[in-house]
Amino acid sequence: MFPLSTSQRPRVRRLRRTRRSAALLAAGALLPLPALAGCGSTGGSDEPPAGIQDVAAAPRAKIADKGTLTWAVDALPATYNAFQSDADATTRQVAGAVLPALFTLDGRGRPQRNPDYLLSAEVVAREPRQVVVYRLHPGAVWSDGTPITAADFEAQWKALRGRDSAFWSTGNAGYDRIDKVERGADAREVKITFAKPYVDWASLFTPLYPRAAMASGNAFNDSMRKELKFAAGPFRVGERNDGQGTLTLVRNPRWWGDRAKLDRLVLRAVPRGERADALANGGVDLADITPAAAERIDRVNAPAKKTDDANKPEASAGLRDLVVHRALEPVWTQLALNGTSGALADERVRRAVVRAVDRKELARYVLGALGLPADPLGSHVLVAGQPGYEDNSDAVGPADPGAARDLLADAGWKEGRGEPAGRGPAQADGAGARHGRDDKAEPHGAPDPASPGNPESPAPGSAPEPAAGVPAEKPENLPEPADAGEEGGDGSGSGAGTGGDDKSARDAGGGKGNAAKTVPVRFKDGKRLALRFILPKSTGAEPLRQVGERIARQLDAVGIHTDLVTVDDAGYFRDHIASGDFDLALYSWPASAFPATDARPIFAKPRPAADGSLQVEQNYTRVGTDQIDRLFEQASTELDAEASRDLVVRADARIWAAAGSVPLYQRPELVASRRALANVGAFGLASPRYQDMGFLR
């Protein structure tokens, strides 16, 4: 139900997620590789560019065959079924260590056949129908000794194809294109015939579950909520202690691949603000951390100076054994513009917003002080390091306040009398607090927040997971709250902008002497141009609000006033983004190795339904075109991988031109680990190999 002030908007009906959540992004930090037969990857160097990955790599021979690694997570998994709406980052992490992944991702995010499960995987026919044949590893068995066979694939297809409402799955993308799954030459060969061509066939059946878990709605919905009795990976699920917040994975004795180096992998729920202390006291060995914690670790491990002994308290001694790994996370933060909301329904006004935002300045603010490449993201469908990545922002043009003013004037918004500049930082002083200069303006609807988190999740359907300021319950089909990368989950407020830029958000975008200047005000038909900018309210999201403040300053300079609104995190997506109750908002989507599938619902043109509702899928900006839809459809049915990628890139240029979403930057991935740990770190686009993790001899 919409607030009264938005009751004239069309009712919105969210479809079940029609694309997979980013389980394949990396199952661990998020899902893990030989040539991919029949699923060709695009060209490019095998080595990822600088800033894309930072892993403490070591050969298996140098790693001890023993040990327990304790890894901090946000929460124990709500379910072990990765295809349910309440699956989270830890669900996917467990799946990556315990269940079959037919294809994993290399350092540039390219899907690769996993030889632990597949001897071969290829498209054997394209006409009259696409046929894919998997040849399974002869040693592949479930932990009870039952062989993995075509029957497991058939059961999973039937559960996920979307024809049986008894299965409460998050979606059916790809599975709905399959006509039949059957046994090939023997039980170890799987033959999949598609009713419609599907370029992203390698995205299917990962993770793979046994037939018994997919045989009925009851088994699918309930049998994997608090336990996982089967495994077919290097680890299996051991003891779970909800009181202590720990889940222990132990070696799988039935595993046929490289034996896991660790005896045990313990996942421990630790709030982000407490992780530096947990690392210092030995409570965890590996953790995603905030920039504030990374700065603390770096400071303790900086080269000693004569006066350092007095400045490094004994409490920090435990941090001296740590190293911080840094990479660009495969998750990107965007400024979303609601195309059905007031002035933003006019494409010229949306384009003016895009031209007014200085993405380079924002990227420098978030990433520059962290030692990461500080380039703004130029694509809605690919991120830095992925083959085919192109900056298509020239489809709308670079940051140019003059061009923004011209677009506003062309749309009929004329300058009126100015007013003093100056905007205090957003305050979290109520569920729907308003901030900005126009204190009498009533926000048209309820408030909402966007905040930091980890990968998975969303984002497109994925979406990255919760860190400080993340909604406690994220409804299905929702992206991740935006993570400025500088969230101070420990309340320190340290993060983006530390070191290289110590200006406060209220000074951003206005240059020197900004507070003494006046900003233009624009009117049309007697109405002032003002947009409602939704931001998260939590303490940990303060740095993200600072990013929002900087954007607001940049918009002020061209006459676009913003009312900054802070709301409770728990209702951010459910009550505001999904319902369309916002003008501007910040949130994030995870990158995908399969953009033809995963990006399509994020940018699909909303369609009216028979009942009068608006089907938006995951396109919460509600901006789309028929041409964008056609390009994604062509990309999904084009079996030549490079030709498909070209179509996706063309769609991206059209998305830029429609001006519903402004990619700002990739979030930073900061991971602290003990120096003795190997094959851990900031994986970036790559999938972890859990069996290779361990302590150096």
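Residues numbered from 1 in each chain as written. Predicted model: local features only at pLDDT ≥ 70, side-chain atom pairs only at ≥ 80, totals over all residues. Heavy atoms only, no water.

Draft legend 1. Spatial organisation of the packing of aromatic side chains. One pass over the structure, following the stated rule, counts 18 aromatic pairs. Ring geometry for Y134 against W201: centres 6.3 Å apart, planes inclined by 40 degrees, an arrangement best described as tilted. Taken as a pair, Y134 in strand 7 (residues 131-136) and W201 in the loop between strand 9 (189-194) and helix 3 (211-214) lie far apart in primary sequence, 67 residues in all. Judged by relative accessible area, W201 falls into the buried class, the value being 2%. Residues Y175 and F205 carry aromatic rings whose centres are separated by 5.3 Å and whose planes lie at 85 degrees to one another, so their mutual orientation is edge-to-face. Taken together, the residues Y175 in the loop between helix 2 (150-160) and strand 8 (178-183) and F205 in the loop between strand 9 and helix 3 connect sequence positions 30 residues apart. Neither residue differs from the other here; Y175 and F205 are each classed as buried. Ring-pair connections join several aromatic residues into one group, and the members of that group are F103, Y134, F153, Y175, W201 and F205. (Phe/Tyr/Trp six-rings, centres within 6.5 Å; stacked < 30°, edge-to-face > 60°. Helix = DSSP H or I, 4+ residues; strand = E, 2+ residues; numbered from the N terminus. Buried < 20%, exposed > 50% of the residue type's maximum accessible area, 1.4 Å probe, protein only.)

Draft legend 2. Spatial organisation of the nonpolar core. Membership of the largest hydrophobic core comes to 95 residues, with the highest contact counts inside it found for I289, L335 and I551. Setting aside residues no more than four positions away along its own chain, I551 makes contact with L335, V357, L362, F533, L586 and L664. With 76 residues, the next largest nonpolar core counts W71, A95, A159 and Y690 among its residues. (Core = buried A, V, L, I, M, F, W, Y, C linked by side-chain atoms within 4.5 Å. Contact = heavy atoms within 4.5 Å.)

Draft legend 3. The packing of helix 15 (residues 626-637) against helix 16 (residues 641-658), seen in detail. Viewed as axis vectors pointing N to C, helix 15 and helix 16 meet at an angle of 165 degrees, and their least axial separation amounts to 8 Å. One element, helix 15, and the other, helix 16, form an angle in the roughly antiparallel class. The handedness of the crossing between helix 15 and helix 16 comes out as left-handed. Together, Q627, I628, L631, F632, Q634 and A635 of helix 15 and S644, L647, V648, R650, A651, R654 and I655 of helix 16 make up the contact between the two elements. The residue inventory of the contact of helix 15 with helix 16, partitioned by class, reads 8 nonpolar, 3 polar and 2 charged. (Axes fitted to C-alpha atoms, helices over the stretch in contact; angles between N-to-C directions. Parallel < 35°, antiparallel > 145°, perpendicular 65-115°, else oblique. Left-handed = near helix turned anticlockwise from the far one by under 90°. Nonpolar A, V, L, I, M, F, W, Y, C, P; charged D, E, K, R; others polar.)

Draft legend 4. Examining the pattern of salt bridges more closely. What the rule picks out here adds up to 39 salt bridges. Residue E154 pairs with K158 through a salt bridge whose shortest N-O separation is 3.3 Å. One end of the pair, E154, and the other, K158, are both in helix 2, 4 residues apart, so they sit about a helical turn from each other. Exposure remark for E154: the relative accessible area of 29% places this residue in the partly exposed category. As a salt-bridge pair, R689 and D258 come within 3.3 Å of each other at their nearest N and O atoms. A relative accessible area of 30% places R689 in the partly exposed class. Salt bridges sharing partners connect three or more residues here, namely R60, D116, D258, R689 and D692. (Salt bridge = Lys/Arg side-chain N within 4 Å of Asp/Glu carboxyl O.)

Draft legend 5. A look at the sheet that holds strand 7. Taken in spatial order, the 4 strands of this open sheet run 6-7-9-8, and their pairing is antiparallel. Looking along the sheet, the strands with just one partner apiece sit at the ends: strand 6 (118-125) and strand 8. With strand direction ignored, the average angle separating the axes of adjacent strands in the sheet is 15 degrees. Looking at chain direction, strand 7 and strand 9 are connected through 5 bridges and run antiparallel. Opposite V131, over in strand 9, you have T193 as the bridge partner. In the packing of helix 2 onto the sheet, contacts are made with strand 7, strand 8 and strand 9, and the angle to strand 8 comes to roughly 160 degrees. (Pairing = 2+ DSSP bridges.)

Draft legend 6. Region of interest: the confidence of the model for the protein. Model confidence for the protein is summarised by a mean pLDDT of 82, while 77% of its residues fall at 70 or above. Note on residues 1-44: pLDDT is under 50 here. Beyond four places in sequence and across chains, it has 182 contacts. Across residues 424-478, confidence stays below pLDDT 50; counting only partners more than four residues off in sequence or on other chains, it has 266 contacts. (pLDDT = per-residue confidence, 0-100.)

Draft legend 7. Structural context of the environment of Y620. Following the sequence through the fold, Y620 ends up in the loop between strand 26 (614-615) and helix 15. Exposure remark for Y620: the relative accessible area of 0% places this residue in the buried category. When the C-alpha atoms of Y620 and P606 are compared, they prove to be 9.2 Å apart, with 14 residues separating the residues in sequence.

Draft legend 8. Molecular detail of unusual backbone geometry. Looking along the chain, the bond that leaves E127 and enters P128 is cis, with omega of -5 degrees. Inspection of the secondary structure puts P128 in the loop between strand 6 and strand 7. Of the consecutive residues T206 and P207, the connecting peptide bond is found in the cis state with omega at -5 degrees. Along the chain, P207 falls in the loop between strand 9 and helix 3. The backbone of E617 shows a phi angle near 50 degrees, a positive value even though the residue is not glycine. Tracing the backbone shows E617 in the loop between strand 26 and helix 15. Note on E617: relative accessible area 15%, which makes it buried.

Draft legend 9. Broad picture of the packing of helix 9 (residues 359-367) against helix 11 (residues 542-556). Packing of helix 9 against helix 11 leaves a shortest axis separation of 11 Å and a crossing angle of 160 degrees. The angle between helix 9 and helix 11 falls in the class roughly antiparallel. The hand of the helix 9/helix 11 crossing is right-handed. Residues E361, L362, Y365 and V366 of helix 9 touch helix 11, and the partners they reach there are Q546, V547, R550, I551 and Q554.

Draft legend 10. Spatial organisation of the side chain of E361. Looking at the element boundaries, E361 is found in helix 9. Apart from the residues within four sequence positions on either side, E361 is in contact with R550 and Q554.

Draft legend 11. Focus on the sheet that holds strand 21 (residues 527-528). Judged by pairing direction, the sheet is antiparallel, and its 3 strands sit side by side in the order 15-20-21 without closing on themselves. Here the strands that pair on one side only, and so sit at the sheet edges, are strand 15 (414-415) and strand 21. Sheet analysis places strand 15 next to strand 20 (residues 522-524), joined by 2 bridges and oriented antiparallel. Bridging across to strand 20, E415 finds its partner in R522.

Draft legend 12. Representation of the environment of E329. Its location among the elements puts E329 in strand 14 (residues 322-337). Each C-alpha atom of the pair E329 and I52 lies 7.6 Å from the other, and the pair is 277 residues apart in sequence.

Draft legend 13. Representation of helix 15 within the structure. Helix length check: helix 15, at 12 residues, gives a terminal C-alpha distance of 17 Å against a target of 16 Å (1.5 Å per residue), a fit within 8%. Taken together, the buried positions of helix 15 are I628, D629, L631, F632, A635 and S636. Angularly, the buried residues of helix 15 cover 165 degrees about the axis, an arc narrow enough to put them on a single face. Contacts from the buried residues of helix 15 go to helix 13 (595-598), helix 14 (600-603), strand 25 (607-608) and helix 16. (Expected span 1.5 Å × (residues − 1). Arc of directions from axis to C-beta.)

Draft legend 14. Looking closely at a negative patch on the surface. Negative charge collects at one region of the surface, where E390, D640, E642 and D646 lie side by side. Relative to the assigned elements, D646 resides in helix 16. The exposure class of D646 is partly exposed, given its relative accessible area of 49%. (Patch = residues over 30% accessible without salt bridge, like charges linked within 9 Å, V, L, I, M, F, W, Y side chains within 5 Å. Areas by Shrake-Rupley, 256 points an atom, 1.4 Å probe, with all protein chains shown as cover. Lys, Arg positive; Asp, Glu negative; His and termini not counted. Charge placed at Lys NZ, Arg CZ, Asp CG, Glu CD.)

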